[in-house]
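Overview (structure and organization)
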Amino acid sequence: MAALMSAAQVKPSWFSAHNLLRGPKTGRASAVRAERSGVNHLTVASIRQQKPSMQAVYRRSVESRDSIRMGIPSKGRMAEDTMNLLDDCQLKVRKINPRQYAAEIPNVPGMEVWFQRATDVVRKLLSGDIDIGIVGYDMLREIGNEDDELVVVHDALGFGFCHLAIAVPSSWEDINSLPELLSDKRWSKDRPLRVVTAYMNLAERFFGDLGFENVELFTADGALEAAPAMGAADCILDLVSSGTTLRENNLKQIEGGRVLDSQGVLVASKTALLERPGTLEIVHELLERLEAHLRAEGLFMVTANVRGETAEEIATRLAANGGRLLRGLQGPTISPIFTAGEDNLPSSDGTFFAVSIGVPKSRIYEAVKEIRKQGGSGVLVFPLTYVFDEEPPRWNALINHLGLDSRDYQHLKIGGGIR
Ligand SMILES: Nc1ncnc2c1ncn2[C@@H]1O[C@H](COP(=O)(O)OP(=O)(O)OP(=O)(O)O)[C@@H](O)[C@H]1O
Ligand SMILES: O=P(O)(O)OC[C@H]1O[C@H](OP(=O)(O)OP(=O)(O)O)[C@H](O)[C@@H]1O
Ligand SMILES: [Mg+2]
């Protein structure tokens, strides 16, 4: 306790301390217990160290409202990308008033959209105030803290890429890996490694899993990168994307110090999925649109006229020379080209065929060159809006996770619900 008190006292007010040596679980539990019993003798540090996920979350009964609610980030870097993604899926959010927190998606009747801070999206999923949410995976893991009420429906929405990593001063030339950091002789019970982070739950798990005890965690709300230079911490655990902020603050990442990879995810409340009529159906539609859009986003549609003897002969030739690249989704679509004959009626002389293939955007020029080599001409390249395939694998995974079978979903209609 003495270590905790002194650490908290010497730090600026935006720090709070959490020493793993004390046994974090005991500390937190006693703080929560004390709060419930109305005992008010806790130190500032121990009150601050309570994490939202540990605070009593009042879960509302699912019967208390009819509408389905989705929470999306109201501000910060996830907000615009979320709106753009929904837009791209023809799920434009209509805000009646820019200052209002509630909105709707006209294409999804029966669902309200609520603008929330990223942390609150997770908290409100846990409390039952919203049913579906879009948030960074980092936030989901930190605030959700592995609560099985939170079900990840789509784990790769393709924006908000970043990772949570340990960063140490660049001047520490001998420390370039996690083992080197942890085995440094400087750290002891009396002088633990001081790590500042906004991700206390994830930090606790990370160091706990490593069995590393000579560590003291501090939390702060922003500008963590300044803490080592100020002497307030030895290293930081924070989000990294381009790495610019670290570089500009003379910090570096170390091998093995990458704690979590993150991007935007679609999450739903398990209770809502199973009990709130219509939720599963809406999630299915969102998932289908997202999957179809995200698949299409990586592809161009290519059509070309290719000379050949038969459709089969062209297919064999393309497969032999273009391999996977010219195979398309399931295989190329090849059809005869009909031109106007002498009698002005369409006829095929069997020499030209139209080939249509979905090609990864990154390899488009390679594909065009190969098609040309195979006698292709008139190569047209189109953007793709959606690729709807069979039931998305993520849907099947969700149904399995919920312990349902596909028939349960077939019978689900808004207003029906799963019983
Ligand atoms: N540098 C970054 N690059 C890419 N994605 C990031 C980056 N920083 C954060 N994110 C992602 O965006 C989410 C929201 O972060 P953002 O900084 O926009 O808001 P916030 O930190 O929650 O709010 P604020 O900092 O304004 O209080 C994070 O949870 C993470 O998933
Ligand atoms: O690797 P980079 O591309 O430089 O990005 C990393 C920075 O981005 C985030 O901060 P943010 O800009 O969200 O500011 P905040 O600390 O106020 O949230 C994060 O906390 C880092 O400081
Ligand atoms: Mg931020």
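Residues numbered from 1 in each chain as written. Chains lettered and ligands numbered in written order. Predicted model: local features only at pLDDT ≥ 70, side-chain atom pairs only at ≥ 80, totals over all residues. Heavy atoms only, no water.

The name given to the protein in an unreviewed UniProt entry is ATP phosphoribosyltransferase, and the organism recorded there is Micromonas commoda. Check the Pathway (unreviewed entry) section of the UniProt entry for the protein; it says "Amino-acid biosynthesis; L-histidine biosynthesis; L-histidine from 5-phospho-alpha-D-ribose 1-diphosphate: step 1/9." (UniProt positions renumbered as here; feature names shortened; annotations may be inferred.)

Notes on helix 14 (residues 364-373)
All of the buried residues in helix 14 are I364, A367, V368, E370 and I371. One face of helix 14 carries all of its buried residues, which in axial projection span an arc of 165 degrees. In this structure, helix 14 carries Y365, R372 and K373 as exposed residues pointing more than 90 degrees from its buried face. Residue G375 follows helix 14 closely and has a positive phi angle near 85 degrees. (Buried < 20%, exposed > 50% of the residue type's maximum accessible area, 1.4 Å probe, protein only. Helix = DSSP H or I, 4+ residues; strand = E, 2+ residues; numbered from the N terminus. Arc of directions from axis to C-beta.)

Digging into the environment of L290
Position of L290 relative to the elements: it lies in helix 12 (residues 279-297). Under the relative-accessibility criterion, L290 is labelled buried at 3%. Separated by 68 residues in the primary sequence, L290 and G358 have C-alpha atoms spaced 18 Å apart. Setting aside residues up to four positions removed in sequence, L290 forms contacts with L85, C89, H154, L157 and L266. (Contact = heavy atoms within 4.5 Å.)

Concerning the sheet that holds strand 14 (residues 333-336)
The antiparallel open sheet is built from four strands, whose spatial order is 14-17-13-18. Strands at the two margins of the open sheet, each flanked by one partner only, are strand 14 and strand 18 (376-383). On average, each strand axis in the sheet is inclined to that of its neighbour by 20 degrees, with strand direction left out of account. In terms of strand pairing, strand 14 meets strand 17 (residues 352-360) through four bridges, oriented antiparallel. Residue pairing in the sheet places I334 in a bridge with V355 of strand 17. (Pairing = 2+ DSSP bridges. Axes fitted to C-alpha atoms, helices over the stretch in contact; angles between N-to-C directions.)

Quick notes on the pattern of salt bridges
Here the structure, examined in full by the defined rule, presents 19 salt bridges. For the salt bridge of D120 with R123, the shortest nitrogen-to-oxygen distance reads 3.0 Å. Of the two residues, D120 and R123 both sit in helix 5 (residues 118-127), three residues apart, roughly one turn of that helix. Look at D120 and you get partly exposed, because its relative accessible area is 21%. A salt bridge links R194 to D234, with the nearest nitrogen and oxygen atoms 3.1 Å apart. With R194 in strand 8 (residues 193-197) and D234 in the loop between helix 9 (227-230) and strand 10 (235-240), this residue pair connects regions lying 40 residues apart in the sequence. Where salt bridges share partners, they join R65, D131 and R276 into one cluster. (Salt bridge = Lys/Arg side-chain N within 4 Å of Asp/Glu carboxyl O.)

Considering the site of ligand 2
The environment of ligand 2 is formed by R77, E225, D238, L239, V240, S241, S242, G243, T244 and T245. Within the side chain of T245, a nitrogen or oxygen atom sits 2.4 Å from an oxygen atom of ligand 2. Surface burial for ligand 2 is 61%, taken as the share of its 490 Å² of free accessible area covered by protein chains. With three residues, the single largest contributor to the shell around ligand 2 is strand 10. Its residues assigned to classes, the shell around ligand 2 comprises two nonpolar, five polar and three charged. (Near = heavy atom within 4 Å. Polar contact = N/O pair within 3.5 Å; in protein donor to acceptor, adjacent residues only side chain to side chain. Areas by Shrake-Rupley, 256 points an atom, 1.4 Å probe, with all protein chains shown as cover. Nonpolar A, V, L, I, M, F, W, Y, C, P; charged D, E, K, R; others polar.)

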